Amino acid sequence: MRIASLLASSTEIVAALGLTDNLVAVSHCCDWPPQVRTLPALTSALFEAQTAREIDDAVRAKLAGQDAIYALDAQALAALKPDLVISQALCDVCAVSGAEVSAVLSGLDPQPTLINLEPFSLGDILETISLIGDAARISDRAAALRASLQARIDSVAKRTQALPGPQPRTVLLDWTSPPFIGGHWMHELITLAGGEDVGDTAGRPSRTTSWTDVLALKPERLVIAPCGFPAARTLEDIAGDPDAIAALRQLEAQGCQLTVFDGNRLFSRSSPGIVDSLEALAHWLWPDVHPAPDIESEMGPVRPLSALAR
């Protein structure tokens, strides 16, 4: 079976199902596992921006003008003759729109099978594994992967249930300039890991906020994991944002513990890596209760804010 995956999370699912060799093309964001980086990229971004603020401004401008954010190489897709195409219908800001992919595929003969993924919760993410497994005719393998991930989630939940004392007031940001409070499955990750979700994200998508509002939430733990940014890039962005530096200094002075995680590999992708994210968050919140996960990811604590400001 020839598979074209048009988003990073589905590429990770395909790989976890042992189908990496079946991939004939991916999106420009697909980077895991490393071997997929040599495959043809069928999508590209239609804007040039470097910092988080520039990206946000460019995306908002395109959305206001109803312009496409990403391009799909329809000719290359047709030439590759995939049997299965995996796209998404969740977020037009994150990947090429499902509507555009459907329109392109409607003109192909024969038409490949199309799966549009739109998970909103941890359960939905596990369900996407079953959807892809069924489409690839490896349902048993998908069921085994899903069960193993559920078992890891359950283990975290069991340890959290036995935690002593109050759970720390926790906020997770998935963008910094401007700050966004992470939604979708972030509420589940925070509460399962042993934090109190004071960002009130249950059943909500990510939303724009301000550093003033973040301060008003009085978090005791602040997680920063911007979508698509590794930790080093996030630290560079924060260093160039006086508002962020001032807010983080104030939070630190109030006793809030801060950390930056790899937002490219963790938290934002609806793939098996979301369980790695849960385990990493749980360990950071309660290191004496939850063991450190064995993951390949760039993550670590924020450096001293005085160093960021220089």
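Residues numbered from 1 in each chain as written. Predicted model: local features only at pLDDT ≥ 70, side-chain atom pairs only at ≥ 80, totals over all residues. Heavy atoms only, no water.

## Some remarks on the packing of aromatic side chains
Inference 1: Enumeration according to the criterion identifies two aromatic pairs in this entry.
Inference 2: With a centroid separation of 5.0 Å and an interplanar angle of 55°, the aromatic rings of W175 and F229 are classed as tilted. A residue pair is termed long-range when its members are at least 10 positions apart, and W175 in strand 7 (residues 169-176) and F229 in the loop between strand 11 (221-224) and helix 9 (231-239) qualify at 54 residues.
Inference 3: For the cation-ring pair, R265 lies above W32, with the distance from its terminal atom to the ring centre recorded as 4.0 Å. (Phe/Tyr/Trp six-rings, centres within 6.5 Å; stacked < 30°, edge-to-face > 60°. Helix = DSSP H or I, 4+ residues; strand = E, 2+ residues; numbered from the N terminus. Lys NZ or Arg CZ within 6 Å of the ring centre and 35° of its normal.)

## Some thoughts on the pairing of strand 5 (residues 84-88)
Inference 1: A large share of strand 5 lies buried, amounting to five of its five residues.
Inference 2: The side-chain alternation of strand 5 yields two buried faces, one formed by L84, I86 and Q88 and the other by V85 and S87.
Inference 3: Taken together, the three bridges between strand 1 (residues 3-5) and strand 5 define a ladder with parallel strand orientation. Across the sheet, residue I3 finds its bridge partner in strand 5, namely L84. (Buried < 20%, exposed > 50% of the residue type's maximum accessible area, 1.4 Å probe, protein only. Pairing = 2+ DSSP bridges.)

## A word on the environment of T259
Inference 1: For T259, the location among the structural elements is in strand 12 (residues 257-260).
Inference 2: Between the C-alpha atoms of T259 and A231, which are 28 residues apart in sequence, the distance is 9.6 Å.

## Overview of the packing of helix 6 (residues 139-161) against helix 7 (residues 186-193)
Inference 1: Across the interface, helix 6 lies against helix 7 with an axial gap of 8 Å and an inter-helix angle of 50°. Here helix 6 is positioned oblique relative to helix 7, judged by the angle of their axes. Together, I153, V156, A157 and T160 of helix 6 and T191, L192 and A193 of helix 7 make up the contact between the two elements.
Inference 2: Residues belonging to the contact of helix 6 with helix 7 are distributed by class as follows: five nonpolar, two polar and no charged. (Axes fitted to C-alpha atoms, helices over the stretch in contact; angles between N-to-C directions. Parallel < 35°, antiparallel > 145°, perpendicular 65-115°, else oblique. Contact = heavy atoms within 4.5 Å. Nonpolar A, V, L, I, M, F, W, Y, C, P; charged D, E, K, R; others polar.)

## A look at helix 7
Inference 1: For helix 7, every residue scored as buried is listed here: M186, L189, I190 and A193. Mapping the buried residues of helix 7 onto a view down its axis gives an arc of 95°, with all of them on the same face.
Inference 2: In the core, the buried residues of helix 7 are packed alongside helix 5 (122-135), helix 6, strand 7, strand 9 (196-197) and helix 11 (273-285).
Inference 3: Positioned one or two residues after helix 7, G194 has a phi angle of 105°, which is positive. (Arc of directions from axis to C-beta.)

## Observations regarding the environment of L278
Inference 1: Looking at the secondary structure, you find L278 in helix 11.
Inference 2: For the pair L278 and I153, spaced 125 residues apart in sequence, the C-alpha separation works out to 7.7 Å.
Inference 3: Not counting the four nearest positions on each side in its chain, L278 is found in contact with I153, V156, L189, L192 and A193.

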